[in-house]
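A closer look at the structure
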Amino acid sequence: MGTAFYIQLVVSGIAIGSVYGLVALGFVTIYRTSGVVNFAQGDFVTLGAMLSYFLWKSWGLAYPLACGLTVLAVALLSLAIYHLVIAPLRRSDPIMIIMATLGVSIVIEMVAQLLWTSYPIYGPAFTGSHPLTLFGVSIQWQQLWVVGLGALVLGGLFYLNNRTRLGKSMTATATDRLGANLVGVRTGSMIRWAFIISAAIGAAAGIFISPLLPMAFNIGLILSLKGFVAAVLGGWGKASGAFVGGLVIGVLETVAGGVFQAGYRDAVAFGILLIVLYFRPQGLLGSSLVETEG
Amino acid sequence: MHRDEGDSRKIDGLGSIATAPVRRRSFLKYACLVGAVVSLGVLVGVAAACGSSSSSSGSSPAASSGGAGDVWKLGVVADLSGGLAAAGADVRDGAQLLVDQYNAAGGVKGPDGKMHQFELVVEDGGMDTGRSTAAFNKLIMNDKVTGLMGPLWGNEVPSAQAIVERAQIPALMASTPQPSTMDKGYKWSFMLAFSPQLMAQTEVATMQLIGATKVVAISDNEGFMQGSTDFVKDYLPKDGSIQYVIVPDTFTAGDVNLSAQAQKLKAQADQIGADALVINTDGMSAIPLIKAYHALGGDLAIIGNGAFANDAVITAGGKDVEGVYVPTPPVLNATALPDAVVLKPIEVKFVTDFKAKYGHSPSAFAANTYSAMGMWKEAFAAVGADKAKLNDYLSNMTNFMGPSGIYDWKATHNGESIEGQVIYQIKNGVWVPVAWLDKSGTPTKI
């Protein structure tokens, strides 16, 4: 196998890693403000892909309109989930909230299967039907879109958290809810915003990755697990770390799949993850303190 | 900023959840709530299964009056939920179609001279070995069925075969024979879908049809698919005119990240200058691999297998599955078959009836249980509802023609014969028959 083979593995890994990174960003956005670990985050991705696809295919909406409506709908659904499931449990043990989000995940998956199909769907590629070839390495245009979305979301979150009143209020809520409340921050609203933003990120991610990956009703939990691991690896609670963690997981598992037998792929990738966390339990970019940076 | 209404309650809300004392009463309250949420999810899933299930069994009428004999009860284990739910529904519907037709005609005359209605009891295997095992046990012990159909998912087969062998109840299984159980000499199970040997044989026929001389194959890690991929070597021309190389790696069906496998496939193909690829997995699982292969610039002819025989593959795969060859039972596009294909009249009737009842084309999975139901009718009519006699009758059945193929159970319990199999190619989103196979497996171009 030549050098191009390994570079190609890394390129493919970056693309899939961006997907994991986007899911991880959703985890972090909610956690930073509310302290909730939302295992339905991957299902927002699935919903984004499937709802936009069926609005486009079955309802005949223009694809950009279908995508816009989808992001809005998933964000509103997330808000409803917060009010119906998370808020009533706010005084409960975190494990109960996690279990509740798993329950939400199951409900979303079952409803998606009932409403649409149990078969995977693929959304339309945004641009370019032929891959771009550079020095013997093929890159799909859609992969660039996904990486671009990841960078955009990361930059957007950084701007939100550091340059806007909303973002600073969300950060204040994450840092010290009581203090934030005492100085007039509407902490309840901040948590609602966190759920809306994270769902919008998830739905957009689903739309962007659906031309690349098979999106089926039951893929949400798998994405959630990968995204959660990415967020932990990058430094739990830190947005930039979450995205970097996603990239690292994606590259590791793809390179491991190329170098070793497929059966060892996850073992190798997660074995390396364990080693990293052994030496840096706070994650690649994390610290023991709550981060103020996005 | 204004403080939220009710923020006095929220001050120590989510932020202090880790330290807030949990009282027994509130714990129970929220445990119930969480339980309710999870239960709702389960209920929705069950509703999905029951909704499908009731539509199938609900249409079974009771035994007709006047000279009516006992109802002949058959069990079906179909994967109505999980990743194979749509295919599982076809498994159920294929059998139900014939049951409804028989019952609407007044039933089937048994050896006692009375007319008997059929009743199907459908259980969801859920693409889960444990659930499937429980379903088989329930149908045998609680529902007291006389015969069984299903499962579809290959991993459910070994335990299902062991159960029916122990219970001594005949079962026409909608799945492929599993290499791990093919040599066990089971007498009570009959595999309706193609054997790994048949699949290998049809793939070699496809290679010959398209003139491929250097072929690279890759398969998923299921025993059946790996067995088929290996069996291809046994059917290659003895003159060495086809070079066949298997990629030394597998993947898991349903995996979404197959870019590494696609690279290995392409690298191997480039190395030997291949002119065709064989991809042995189910069609939906093949799509990510084919997409990833095309994304690398690969453009070789692709040979699939009978597990691709599903319209959903075309819908999901789009341009990426254009041109893929699929050797399979003829059901995919029966009306386009030439009259020389011996199964054509059966296929056309099946497809027409299925579309009229369910509003969509049947898959090969539906054809399997439709064929099975035809066998049951013949067997019940001949010997009645005696399990041992039914099994003997089925075991001696030869040249049974159904839409899924021609069966000779006397020769083997492992799948249909190669005669009448058709090689399709996906062209412009349509299954186009390009050749059919005779008894020797030789392709005749259409």
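Residues numbered from 1 in each chain as written. Chains lettered and ligands numbered in written order. Predicted model: local features only at pLDDT ≥ 70, side-chain atom pairs only at ≥ 80, totals over all residues. Heavy atoms only, no water.

**Quick word on the overall build of chain A**
- The helix and strand inventory of chain A stands at eleven helices and two strands.
- Traced from its N-terminal end to its C-terminal end, chain A shows the element sequence α-α-α-α-β-β-α-α-α-α-α-α-α.
- For 294 residues, the compact-globule estimate of 2.2 N^0.38 gives 19 Å, and the C-alpha radius of gyration of chain A, at 19 Å, lies within 12% of that figure.
- Judged by the C-alpha coordinates and their principal axes, chain A covers about 60 × 50 × 35 Å.
- Scored against the burial criterion, the 294 residues of chain A give a buried share of 57%.
- Nonlocal contacts in chain A, meaning residues at least 24 apart in sequence, comprise 76% of its contacts between residues at least 6 apart.
- For chain A, the exposed surface amounts to about 11,400 Å²; the carbon and sulfur share of it is 72%.
- Computing the positive centroid from 14 side-chain charges and the negative centroid from 8, chain A places the two 11 Å apart. (Helix = DSSP H or I, 4+ residues; strand = E, 2+ residues; numbered from the N terminus. Rg over C-alpha atoms; globule rule 2.2 N^0.38 Å. Buried < 20%, exposed > 50% of the residue type's maximum accessible area, 1.4 Å probe, protein only. Contact = heavy atoms within 4.5 Å. Areas by Shrake-Rupley, 256 points an atom, 1.4 Å probe, with all protein chains shown as cover. Lys, Arg positive; Asp, Glu negative; His and termini not counted. Charge placed at Lys NZ, Arg CZ, Asp CG, Glu CD.)

**Focus on the overall build of chain B**
- Helix and strand counts for chain B come out as 13 helices and 17 strands.
- Buried positions account for 57% of the 446 residues belonging to chain B.
- Within chain B, residue pairs in contact and separated by at least 24 positions form 67% of the contacts whose partners lie at least 6 positions apart.
- Element-wise, carbon and sulfur atoms account for 53% of the exposed surface of chain B, whose accessible area totals about 16,800 Å².

**Thoughts on the nonpolar core**
Residues and elements named next belong to chain B.
- Grouped together as the largest cluster of nonpolar side chains are 87 residues, with contacts concentrated most on M149, L172 and M373.
- The dominant element in this core, judged by the number of residues it contributes, is helix α12 (residues 364–383), at eleven residues.
- Beyond its immediate stretch of four places on either side in the chain, M149 contacts L74, G75, V76, V77, A95, L120, L172, T369, A372, M373 and W376. (Core = buried A, V, L, I, M, F, W, Y, C linked by side-chain atoms within 4.5 Å.)

**Structural notes on the pattern of salt bridges**
All names here are of chain B.
- Summed over all chains, the structure comprises eleven salt bridges over all chains.
- The partner of K138 in a salt bridge is E123, and the shortest N-O contact between them spans 2.8 Å. Here K138, found in helix α4 (residues 129–141), pairs with E123, found in strand β4 (residues 118–124); they are 15 residues apart in sequence, far enough to count as distant.
- Accessibility expressed as a relative area gives 29% for K138, which makes it partly exposed.
- The closest approach of N and O atoms between K264 and D249, which form a salt bridge, is 2.5 Å. (Salt bridge = Lys/Arg side-chain N within 4 Å of Asp/Glu carboxyl O.)

**A few points about the packing of aromatic side chains**
- Inspection of every chain in the model, using the stated rule, returns 27 aromatic pairs over all chains.
- A ring pair is formed by A:Y53 and A:W56, whose centres lie 6.0 Å apart and whose planes are at 70°; its orientation type is edge-to-face. With A:Y53 and A:W56 both in helix α2 (residues 41–57) and three residues apart, this pair spans about one turn of that helix.
- For A:Y53, a relative accessible area of 7% corresponds to the buried category.
- Ring geometry for B:F354 and B:Y358: centres 4.6 Å apart, planes at 50°, overall tilted. Taken together, the positions of B:F354 and B:Y358, both in helix α11 (residues 344–358) and four residues apart, correspond to about one turn of that helix.
- Through successive ring pairs, a cluster of aromatic residues spans A:F27, A:Y31, A:F39, A:F228 and A:W236.
- Here B:K291 stacks its cationic end above the ring of A:Y122, 4.4 Å away from the centre of that ring. (Phe/Tyr/Trp six-rings, centres within 6.5 Å; stacked < 30°, edge-to-face > 60°. Lys NZ or Arg CZ within 6 Å of the ring centre and 35° of its normal.)

**Thoughts on unusual backbone geometry**
Residues and elements named next belong to chain B.
- G150 connects to P151 through a cis peptide bond whose omega is 0°.
- Tracing the backbone through its elements, the reader meets P151 in the loop between β5 (147–149) and α5 (157–167).
- Of note, the phi angle at M127 is positive, near 50°, even though the residue is not glycine.
- Along the chain, M127 falls in the loop between β4 and α4.
- Accessibility expressed as a relative area gives 30% for M127, which makes it partly exposed.

**Here's the deal with the environment of A:V183**
Residues and elements named next belong to chain A.
- Positionally, V183 belongs in the loop between α7 (177–182) and α8 (187–209).
- On the basis of relative accessibility, which here comes to 67%, the residue V183 falls in the exposed class.
- For the pair V183 and A172, spaced eleven residues apart in sequence, the C-alpha to C-alpha distance is 9.9 Å.

**Considering α2(A)**
- Its 17 residues give α2(A) an end-to-end C-alpha distance of 25 Å, which sits within 8% of 24 Å, the value for a rise of 1.5 Å per residue.
- Among the 17 residues of α2(A), 15 are classified as buried, and the element is accordingly described as predominantly covered. (Expected span 1.5 Å × (residues − 1).)

**Some thoughts on the side chain of A:S34**
Residue and element names in this part refer to chain A.
- Looking at the secondary structure, you find S34 in helix α1 (residues 3–34).
- According to the relative accessible area criterion, S34 is buried, its value standing at 0%.
- A polar side-chain atom of S34 sits 3.1 Å from the main-chain amide nitrogen of V36. (Polar contact = N/O pair within 3.5 Å; in protein donor to acceptor, adjacent residues only side chain to side chain.)

**Digging into the sheet that holds strand β7 (residues 189–191) of chain B**
Residues and elements named next belong to chain B.
- Read across the open sheet, the five strands follow the order β4-β1-β5-β6-β7; overall the sheet is parallel. Looking at which strands have only one partner, the edges of the open sheet turn out to be β4 and β7. Direction aside, the axes of adjacent strands within the sheet are offset by 20° on average.
- In terms of strand pairing, strand β6 (residues 171–173) meets β7 through three bridges, oriented parallel. Considered in β7, the bridge of M173 is made with M191. (Pairing = 2+ DSSP bridges. Axes fitted to C-alpha atoms, helices over the stretch in contact; angles between N-to-C directions.)

**Description of the packing of helix α6 (residues 165–175) of chain A against α8(A)**
Residue and element names in this part refer to chain A.
- Where α6 meets α8, the closest approach of the two axes is 9 Å, and the angle between their N-to-C directions is 110°. In terms of their interaxial angle, α6 and α8 are classed as roughly perpendicular. Contacts between α6 and α8 pair L166, S169, M170 and T173 from the former with T187, M190, W193, A194 and I197 from the latter.
- Partitioned by chemical class, the residues of the contact of α6 with α8 number six nonpolar, three polar and no charged. (Parallel < 35°, antiparallel > 145°, perpendicular 65-115°, else oblique. Nonpolar A, V, L, I, M, F, W, Y, C, P; charged D, E, K, R; others polar.)

**Some points on the side chain of B:Q96**
- Among the structural elements, B:Q96 can be located in helix α3 (residues 85–104).
- Side-chain polar atoms of B:Q96 contact the side chain of B:D100, separated by 2.8 Å.

**Examining the confidence of the model for chain B**
All names here are of chain B.
- When the pLDDT values of chain B are averaged, the result is 85; 85% of them are 70 or greater.
- pLDDT under 50 marks residues 30–66. Its contacts with residues more than four places away, or in other chains, come to 58 contacts.
- Among the scores for the predicted complex, ipTM is 0.81 and pTM is 0.78. (pLDDT = per-residue confidence, 0-100.)

**Structural notes on the pairing of strand β16 (residues 430–437) of chain B**
All names here are of chain B.
- With six of its eight residues buried, β16 lies for the most part within the structure.
- Direction of pairing for strand β15 (residues 422–427) relative to β16: antiparallel, over a ladder of six bridges. Bridge assignment links K427 to a residue of β16, and that residue is V430.
- The turn linking β15 back onto β16 is made up of two residues, and N428 within it adopts a positive phi angle of 50°.
- Sheet topology places β16 next to strand β17 (residues 443–445); three bridges connect them, and they run antiparallel. When the sheet's bridge partners are listed, W436 is paired in β17 with T444.
- Between β16 and the antiparallel strand that follows it, β17, lie five residues; G441 among them carries a positive phi value of about 90°.

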